[in-house]
Amino acid sequence: MTGKVAKKAVRKVVKDRYSWERRWTAPEMGGKEGIEELASDYMGHLSRCRTEREAVAYWKEALLGAGFIDGDCTQVSRLSPGDGIFFTNRGKAISAFIAGSEGPDAGVNIIVTHLDSPRLDLKPLPIDGDKDTGLSFLKTHYYGGIKKYQWVNIPLSLHGRVVRSDGSFADIRLGDGPDEPVFVIPDLAPHLSRKVQDGRRLMEGIKGEELLALSGMGRADMEKDEGRPSVVRQVLEHLNKEYGMVEEDLVSSELCLVPSWPPRDVGLDRGLIGAYGQDNRISSYCAMRALMDMKRHQIGPKRWGGVICFDKEETGSEGNTSARSMSLELTFYRLLELAGQRGRRRDLSGSLRSSFALSADVKSGVNPVFKGVQDPTNSARLGAGLTITKYTGRGGKSGANDASAEMVSGIRRLFNKEGIIWQMQETGKVDMGGGGTVAKFLGERNMDVLDVGIPLLSMHSPLEVSAKVDLSMAVKGFKAFLEKYQVDPISRGGAP
Ligand code: MN
Ligand code: MN
């Protein structure tokens, strides 16, 4: 060995031993075939599911196909190790579990995600028209944290449910197909915007009350008796003909406008995916895939494993379908009963205390145009594996679930042992911004919980970008967690 080579070798050993080195997923994944297959199935999922209701329906069908029992409709008194079961909550949240050889009182390994995405909800009485132009609009109220200017001039589809006065309902899904009409929020031409719009701050480029989606055109005049533009009547007539509803039915509806374009490969090498709704259907997809793969391969784990997909994360986890609702406790009571254990309050507390949750959500990957907002070491790169986030929150970690050193150690050891590539992540530089996930609401239940995730570019925009290799690594990582994660005294902080 020459001196030069020897020095290089020593340097490598020292580096390997002492410094954490970022690893990239691509060289580890081997053949591209599996990745493409997974990506195309995921993209199919995204194009079918643009709301939480649609995602719950999708997962119900997939879980039944994979041999899981519908826990809402089937009377089951006991599950054996390896059996699978799922429960839904009001059609907007779903959870699925595989029974382990230990009881759920010894704790459950769960991956927790959410199915709702930022979008434009319709107002309770959304239909309006303009008497001078004869154009009709749908009035919207945005849901979740959006940059409003991103939602103008793009094709939008109408999705959701209307409950009519007799209690019957219509599920609407209009605008996804290439021959279906879409809706659009028109912007002002640059030739005219100088005085009224160009000087506005970016976030005010389009204001909330200006998010009006074109929904028809008719005569430019007023109804004689009703005092509303005639075009409103035309729109109402159309809705009645198509969906058998009247205007008052809209007050008992949940309708929203979402981007209507299908998911697409991005880049010459097709390594990226551009699609709406990846926050957070990318995590729920990977987690459900991991759970269903276990069932398919008849892996009966030692600990119970499961996936819970909540709703309303984007508006702060409020309400009975959110991570804060008691539905979590009800689910745990059911699990205890299914293992032949008494569902007493004390059993529940013990089960929650012994559980370990991964709060799986998307994270902002470094955008090369705006690198300055993130700390280079503590930020995620697309294609560099699952993210581990010790704490979220803003400012002085306000609102953060700050995972303990012991908990992070448990997952780090598991990932290293199973060849899962991971990277540490903070939302941004200190005081740059912030955000949260459902993690803190699980922490409140006395669970051990750690944030993990998949990096995206353009999060919360109509076309979020992810990396195909990250999808594969996430499924691999989630599977390792569900199958093999064991709570040990170290990861429990040495406490009983
Ligand atoms: Mn999210
Ligand atoms: Mn989000």
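Residues numbered from 1 in each chain as written. Chains lettered and ligands numbered in written order. Predicted model: local features only at pLDDT ≥ 70, side-chain atom pairs only at ≥ 80, totals over all residues. Heavy atoms only, no water.

Caption draft 1: Region of interest: the overall build of the protein. From N to C terminus, the protein includes 10 helices and 20 strands. Taking 2.2 N^0.38 as the reference for a compact globule, 496 residues should give roughly 23 Å; the C-alpha atoms of the protein span a radius of gyration of 25 Å, in line with that estimate. With respect to the three principal axes, the spread of C-alpha positions in the protein is 90 × 65 × 45 Å. For the protein, buried positions account for 49% of its 496 residues. Sequence separation of at least 24 residues holds for 76% of the intrachain contacts in the protein that already meet a minimum separation of 6. (Helix = DSSP H or I, 4+ residues; strand = E, 2+ residues; numbered from the N terminus. Rg over C-alpha atoms; globule rule 2.2 N^0.38 Å. Buried < 20%, exposed > 50% of the residue type's maximum accessible area, 1.4 Å probe, protein only. Contact = heavy atoms within 4.5 Å.)

Caption draft 2: Spatial organisation of the environment of Arg 289. In this fold, Arg 289 is placed in helix α5 (residues 278-296). Expressed as a C-alpha distance, the spacing of Arg 289 and Ala 26, which sit 263 residues apart in the sequence, is 20 Å.

Caption draft 3: Highlighting the sheet that holds strand β9 (residues 212-217). Strand order in the open sheet made by the six strands is β8-β7-β10-β5-β6-β9, with antiparallel pairing throughout. Each having just a single partner strand, β8 (169-174) and β9 make up the two edges of the open sheet. The average angle at which neighbouring strand axes cross in this sheet is 30 degrees, direction not considered. Those strands touched by helix α4 (residues 230-243) are β5 (119-129), β6 (135-143), β8 and β9, and its axis lies near 120 degrees from that of β5. (Pairing = 2+ DSSP bridges. Axes fitted to C-alpha atoms, helices over the stretch in contact; angles between N-to-C directions.)

Caption draft 4: Representation of the environment of Pro 155 in the model. Locating Pro 155 in the fold gives a position in the loop between β6 and β7 (156-163). Taking the C-alpha atoms as reference points, Pro 155 and Val 258, separated by 103 residues in sequence, lie 8.5 Å from one another. Residues contacting Pro 155, with those up to four places away along its chain left out, are Val 182, Phe 183, Val 258, Pro 259, Ser 260 and Trp 261.

Caption draft 5: The arrangement of the packing of aromatic side chains in detail. Inspection of the entire model under this criterion finds eight aromatic pairs. An aromatic cluster is built from Tyr 42, Tyr 58, Trp 59 and Tyr 285, whose rings are joined through pairwise contacts. Above the ring of Tyr 143, the side-chain terminus of Arg 119 is found at 3.8 Å from the ring centroid. Of note, Arg 161 hangs over the ring of Phe 169, and the distance from its end group to the ring centre comes to 3.7 Å. (Phe/Tyr/Trp six-rings, centres within 6.5 Å; stacked < 30°, edge-to-face > 60°. Lys NZ or Arg CZ within 6 Å of the ring centre and 35° of its normal.)

Caption draft 6: Spatial organisation of the coordination of the manganese ion (ligand 2). For the manganese ion (ligand 2), the full set of protein donor atoms is Asp 279 (OD), Glu 314 (OE), Glu 314 (OE) and His 460 (NE2), at a range of 2.1 to 2.6 Å. The metal-metal distance between the manganese ion (ligand 2) and the manganese ion (ligand 1) is 3.3 Å, with Asp 279 coordinating both. Taken together, the positions of Asp 279 in helix α5 and Glu 314 in the loop between β13 (304-310) and α6 (327-338) put the pair 35 residues apart, joining distant regions of the chain. For the pair Asp 279 and Glu 314, a shared accessibility class is recorded, and that class is buried. (Donors = N, O, S within 2.8 Å, 3.2 Å for Na, K, Ca; no water.)

Caption draft 7: Structural view of the side chain of Glu 464. Mapping Glu 464 onto the fold places it in strand β20 (residues 464-467). Of the side chains with opposite charge, Arg 281 lies nearest to the buried Glu 464, which makes no salt bridge, at 7.5 Å. For Glu 464, the contacting residues outside a window of four places in its chain are Ile 273, Gly 274, Ala 275, Tyr 276, Gly 277, Gln 278, Asp 279, Leu 456, Leu 457, Ser 458 and Met 459. (Lys, Arg positive; Asp, Glu negative; His and termini not counted. Salt bridge = Lys/Arg side-chain N within 4 Å of Asp/Glu carboxyl O.)

Caption draft 8: Region of interest: the domain arrangement of the protein. Each domain of the protein was delimited in the assignment, giving domain 1 (21-117 + 276-492) and domain 2 (120-259). Each of domain 1 and domain 2 has a C-alpha centre, and the two are 35 Å apart. Taken together, the 19 residues of domain 1 in the interface contact 15 residues of domain 2. Approximately 1400 Å² of surface area, both sides summed, lies buried where domain 1 meets domain 2, with 51% of it carried by carbon and sulfur atoms. The largest contributions to the domain 1 side of the interface with domain 2 come from Arg 50, Arg 53 and Pro 462, which together make up 37% of the buried area. (Domains from an automatic or database assignment. Buried area = accessible area lost by both parts, 1.4 Å probe.)

Caption draft 9: The arrangement of the nonpolar core in detail. Trp 59, Leu 63, Phe 68, Ile 94, Ile 411, Phe 478 and Phe 481 are the most contacted members of the largest nonpolar core, which has 60 residues in total. Among the elements that line this core, the one with the most residues is α5, at nine residues. Other than its neighbours up to four places away in sequence, Trp 59 contacts His 45, Ile 94, Leu 115, Ser 284, Tyr 285, Met 288 and Met 292. Counting 28 residues, the second largest nonpolar core, distinct from the first, contains Leu 138, Ile 172, Leu 211 and Leu 257. (Core = buried A, V, L, I, M, F, W, Y, C linked by side-chain atoms within 4.5 Å.)

Caption draft 10: Region of interest: the sheet that holds strand β12 (residues 272-275). Within the open sheet, the three strands sit side by side as β11-β12-β20. Their pairing is antiparallel. Looking at strand neighbours, the two that pair on one side only are β11 (264-266) and β20, the edges of this open sheet. With direction set aside, neighbouring strand axes in the sheet form an average angle of 35 degrees. Sheet topology places β12 next to β20; four bridges connect them, and they run antiparallel. Opposite Ala 275, over in β20, you have Glu 464 as the bridge partner. Along the sheet, helix α2 (residues 33-48) makes contact with β11 and β12, crossing β12 at roughly 5 degrees.

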